Amino acid sequence: MKITVLDGGSLNPGDLSWDELNQFGQVTIYNNTEEKDIINHIADSNAILLNKVNITESILDACPSLCYIGVQATGYNVIDLQACKKHKITVTNVPSYSTGAVAQFVFAFISEFACRTKEHSDSVFAGEWVNSKNFSYTKAPLMELEGKTLGILGYGNIGRKVAQIANAYGMKVIVCTRTPQADILYPVDFETLLKESDILTLHVPLTDKTKGIINSNTLKLMKSSAYIINTARGAIINEYDMLDALKNNIIAGYAADVVSEEPMVKDNSLLLAPKDKILLTPHIAWAARETRQRLLDIVIENLKCFIEGKPQNVISD
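Residues numbered from 1 in each chain as written. Predicted model: local features only at pLDDT ≥ 70, side-chain atom pairs only at ≥ 80, totals over all residues. Heavy atoms only, no water.

**Student:** Break down the sheet that holds strand β11 (residues 278–280) for me, with residues and values.
**Tutor:** Strand pairing in a sheet takes place through backbone hydrogen bonds and is either antiparallel or parallel in direction. One open sheet accounts for six strands, arranged β7-β6-β8-β9-β10-β11; its pairing is parallel. Either end of the sheet is taken by a strand with one partner, and the two such strands are β7 (172–176) and β11. In this sheet, adjacent strand axes meet at a mean angle of 15° when their direction is disregarded. Across the sheet, helix α6 (residues 157–169) touches β6 (149–153), β7 and β8 (199–202), and the angle it forms with β6 is around 175°. (Pairing = 2+ DSSP bridges. Helix = DSSP H or I, 4+ residues; strand = E, 2+ residues; numbered from the N terminus. Axes fitted to C-alpha atoms, helices over the stretch in contact; angles between N-to-C directions. Contact = heavy atoms within 4.5 Å.)

Have a look at this one:
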């Protein structure tokens, strides 16, 4: 079997090992693959592993040997699943590997908005505490999380983990989800979620229904003191509308680990947002070493199960 990893550099920048793949056949690893090189890289491959490389029907038409695609992530919007079904290609993903890491990252964003630790640390190193007449001072308003309302849009594994952490902080958790579940104490509709949340965190996949669901109309329903956290997909947010909302104090702040086009393009509107109202990180909520090792282990197990005729985590049925 010929196995090709198309964009392995993010999953394994050098601190993990691909060696276990060698037991299955000939392995070629590319750290990155540009669109113009996709067919050349995989033309005679039987199995490919990828994260963010788009696989279209025209690519599959040019790669008749391909029978397996292993997505090295939970989200799989980069894959044309209908075309894969047509070509009888099995596609798998890796659910739940990053639940703890992403939930942790959500609260890193929330805590930064609440405590402004970096801003105050910078102030100390700039000499402001040394020169202060008071033993304590603040550079920005601080916020207690206890008693605040955390709204969760989407209640899969990550949404549930975020709710557990919020409960430990003493927050009220309200949830909007398509699938009612017994452990949701305060289920609400989407409009109520927007109106009542002090902090709104997004945990839905990117679909035709969720694309741009946070826009000028929905933002205006929120409290002017509210914050939005996005560790899901960038395109769930209309980024131009978000810029307008931040500039005009429609909401208090936005934190995102994802943007609509990745890597981020230089004319992304969010780069023009007021710096005290926005936090942006380069899609790293999943990137702790422990998390990536777990991901790689499941990627390899998915391929092994496919080869043995017992595929798991299949998304192409």
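Next comes the rest of the account.
**Student:** Talk me through the nonpolar core; I want residue IDs and the actual numbers.
**Tutor:** Ranked by size, the top nonpolar core spans 27 residues in total, and within it L200, I214, I228, M242 and Y254 carry the most contacts. Those elements that provide at least two residues to this core are β7, α7 (190–196), β8, α9 (239–247) and β10 (253–256). If one sorts the elements of this core by residue count, α9 sits on top with four residues. In terms of nonpolar packing, the next biggest core, distinct from the first, is built from 26 residues, V102, A114, I199 and A252 among them. (Core = buried A, V, L, I, M, F, W, Y, C linked by side-chain atoms within 4.5 Å. Buried < 20%, exposed > 50% of the residue type's maximum accessible area, 1.4 Å probe, protein only.)

**Student:** So what's going on with the packing of aromatic side chains? Residues and values would help.
**Tutor:** In this description, a pair of aromatic rings is defined by centroid distance and the angle of the planes. All told, the structure shown has four aromatic pairs when counted by the stated rule. For the ring pair F105 and F109, a centre distance of 5.2 Å and an interplane angle of 85° mean the geometry is edge-to-face. Residue F105 and its partner F109 are both found in helix α4 (residues 99–115); the two are separated by four residues, about one turn of the helix. Residue F105 is classed as buried on the basis of its relative accessible area, which comes to 16%. The exposure class of F109 is buried, given its relative accessible area of 5%. Lying over the aromatic face of Y186, K172 brings its terminal NZ or CZ to 4.7 Å of the ring centre. (Phe/Tyr/Trp six-rings, centres within 6.5 Å; stacked < 30°, edge-to-face > 60°. Lys NZ or Arg CZ within 6 Å of the ring centre and 35° of its normal.)

**Student:** Outline the pairing of β7, supporting the account with residue identities and numerical values.
**Tutor:** Counting buried residues in β7 gives four out of five residues, a clear majority hidden from the surface. Here β6 pairs with β7 via five bridges, running parallel. Its bridge partner lying in β7, T149 is registered against K172.

**Student:** Explain the pairing of strand β4 (residues 68–71) residue by residue, including any values.
**Tutor:** In β4, alternate side chains face the same way, and those of Y68 and G70 on one face and I69 and V71 on the other are all buried. In this sheet, β4 lies alongside strand β3 (residues 47–50) in parallel orientation, the contact comprising four bridges. Counterpart to L50 in the pairing with β4 is V71. Pairing between β4 and strand β5 (residues 90–92): three bridges, direction parallel. Looking at β5, one finds that G70 is bridged to T92.

**Student:** Describe the environment of A287, naming the residues involved and giving the relevant values.
**Tutor:** With respect to the helices and strands, the residue A287 is situated in the loop between β11 and α10 (289–307). As for A287 and V102, which are separated by 185 residues in sequence, their C-alpha atoms are 9.2 Å apart.

**Student:** Hey, could you go over the sheet that holds β3 for me, with residue numbers and the actual values?
**Tutor:** If you trace the five strands from one edge of the open sheet to the other, you get β2-β1-β3-β4-β5, paired in parallel fashion. Two strands lie at the open edges of the sheet, namely β2 (26–29) and β5, each paired on one side alone. Across this sheet, the average inter-strand angle for adjacent strands is 15°, counted without regard to direction. Together, β1 (2–5), β3, β4 and β5 form the strand contacts of α10, whose direction differs from that of β4 by roughly 160°.

**Student:** Before we move on, can you summarise α9 with the specific residues and values?
**Tutor:** When α9 is considered as a whole, its buried residues turn out to be E239, D241, M242, L243, A245 and L246. In this structure, the buried side of α9 is in contact with α8 (216–219), β9 (227–230), β10 and β11. Its side-chain oxygen placed 3.1 Å from the backbone nitrogen of Y240, N238 serves as the N-cap of α9. (Polar contact = N/O pair within 3.5 Å; in protein donor to acceptor, adjacent residues only side chain to side chain.)

**Student:** I'd like a description of α6, backed by residues and values.
**Tutor:** The terminal C-alpha atoms of α6 lie 19 Å apart, and with 13 residues this matches the ideal 18 Å at 1.5 Å per residue to within 8%. Among all positions of α6, only G159, V162, A163 and A166 are buried. Viewed end-on, α6 has its buried residues packed into an arc of 105°, placing them on one side of the element. Among the structural elements, α4, β6, β7 and β8 are those in contact with the buried residues of α6. Positive phi shows up at G170, right after α6, with a value of about 80°. (Expected span 1.5 Å × (residues − 1). Arc of directions from axis to C-beta.)

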